[in-house]
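Examining the three-dimensional arrangement
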Amino acid sequence: MRINNKYYRSIWLKDDAADVVQIIDQRPLPHEFIIEDLKSMQDCAEAIREMHVRGAPLIGATAAFGMYFAVREALNSESFQKHIGRAFIALAETRPTAVDLFYALRRMQQVIDNCEDLSLVAEACLNEAQAIADESAEQCRQIGLHGLPLIETVSKIKRGGTVNILTHCNAGWLATVDYGTALAPIYAAFDKGIDVHVWVDETRPRNQGARLTAYELLQHGVPHTVIPDNTGGHLMQHGMVDMVIVGSDRTTRKGDVCNKIGTYLKALAARDNDIPFYVALPVSSFDFELQDGLKEIPIEQRSDHEVKYIYGKNEHGTSEVLLTPAGSPVANYAFDVTPARLVSALITDRGICKANERSIVQMFSPEMAV
Ligand code: MRU
């Protein structure tokens, strides 16, 4: 990903050494660009919980580095196993919905369990955390390549006219290690010279669309327009959206898709207007153990503060202001579930498949057997 024409990933080892992991603190974006050092398991847990980093694959990669720090800390503690067990729980409890977190923790635990020589465990964990990050970036690149033909086809049908794509939340490089999920095919199309334009849902309450997706697209030069969350249906009714592409925090083996709150309403509007609704995700965002997304996926509820206050910039700098009456109660469900029947297709790192069990099993049977 390019920020002010410099190449970044969203998480990396400082100076390629083993002591410090660096991230872009996403909370003050787009107004301030701050790189933050993570030096311990607790730093990583806090970065995930307080959303310095967010987005399913990036949460996973950060947790993996968190387990690496936990191993280093455990080697200096009284009981290695107890320390590791506590760290695993602390990281697992940061955010409940994005399944990539648990995918990464399981992989790190396996490396720890399989390492017979404690003097080698820290290096093995560092290698595994780096592998999780590298694989994640490559998976997102593949999602871009597999999704590109969907955009190319619409472009051809429109004889090179603008392809209008609506997206929700931030499913770009800031939500992953690089490239993004939903935005990866859009970057691939733009880089190929296809005329694309993105409708960016602002995505209340944390405004990941207005703050982060808009920032990314602007940095890359992709034409886009930020819209209030409730605008999509109107645009679809007036032929102004050719397709919807969103990411996913957890998708079941039957193709039910959990993603940022409000995704379901976009899927309903897309279906009512015969507009394709695509979900882009890597293998790490599938939960092959779950059948029924509505009943089984845990939906994170976050603090009132996110709804009651809004963050922005004025001539004095950045600050938060109170939006609601101070005494009004609020509800803050962070995710919702779009049933598989509303999903036109899944754009995965292996290719495109239908949002049903047969198609998902065909694509991912080796991973499902693990
Ligand atoms: O609460 P967030 O900002 O972590 O939510 C992010 C999303 O909902 C993304 O769409 C999702 O993680 C999939 S894209 C990587």
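Residues numbered from 1 in each chain as written. Predicted model: local features only at pLDDT ≥ 70, side-chain atom pairs only at ≥ 80, totals over all residues. Heavy atoms only, no water.

Things to note about helix 2 (residues 56-75)
Given a rise of 1.5 Å per residue, 20 residues ought to cover 28 Å, and the 29 Å separating the end C-alpha atoms of helix 2 matches this to within 8%. Counting buried positions along helix 2 yields 17 of 20 residues, so the element is predominantly enclosed. (Helix = DSSP H or I, 4+ residues; strand = E, 2+ residues; numbered from the N terminus. Expected span 1.5 Å × (residues − 1). Buried < 20%, exposed > 50% of the residue type's maximum accessible area, 1.4 Å probe, protein only.)

Concerning the sheet that holds strand 3 (residues 11-13)
Each strand in a sheet pairs with another by means of backbone hydrogen bonds, the pair being arranged parallel or else antiparallel. Pairing is antiparallel in the open sheet, where three strands are placed in the order 3-4-5. On the outer flanks of this sheet lie strand 3 and strand 5 (34-38), each paired with one strand and no other. Taking the axes of each pair of neighbouring strands and ignoring which way they run, one obtains an average angle of 30 degrees across the sheet. For strand 3 and strand 4 (residues 21-25), the ladder comprises three bridges, and the chain directions are antiparallel. Of the residues in strand 4, the one forming a bridge with Leu 13 is Val 21. Along the sheet, helix 2 makes contact with strand 3, strand 4 and strand 5, crossing strand 3 at roughly 30 degrees. (Pairing = 2+ DSSP bridges. Axes fitted to C-alpha atoms, helices over the stretch in contact; angles between N-to-C directions. Contact = heavy atoms within 4.5 Å.)

Describing the domain arrangement of the chain
Domain boundaries in the chain define domain 1 (2-135) and domain 2 (144-369). The gap between the C-alpha centroids of domain 1 and domain 2 is 25 Å. On the side of domain 2, 37 residues touch domain 1, which itself brings 34 residues to the contact. For the pair domain 1 and domain 2, the two sides together bury roughly 2,900 Å², of which 52% comes from carbon and sulfur. In terms of surface lost to domain 2, no three residues of domain 1 exceed Arg 2, Arg 54 and Thr 97, which account for 22% of the buried area on that side. Connecting domain 1 to domain 2 are one salt bridge. A salt bridge links Arg 95 to Glu 300, with the shortest nitrogen-to-oxygen separation between them at 2.8 Å. Remark: the boundary between domain 1 and domain 2 carries 21 residue pairs in polar contact (both at pLDDT 80 or more). (Domains from an automatic or database assignment. Buried area = accessible area lost by both parts, 1.4 Å probe. Salt bridge = Lys/Arg side-chain N within 4 Å of Asp/Glu carboxyl O. Polar contact = N/O pair within 3.5 Å; in protein donor to acceptor, adjacent residues only side chain to side chain.)

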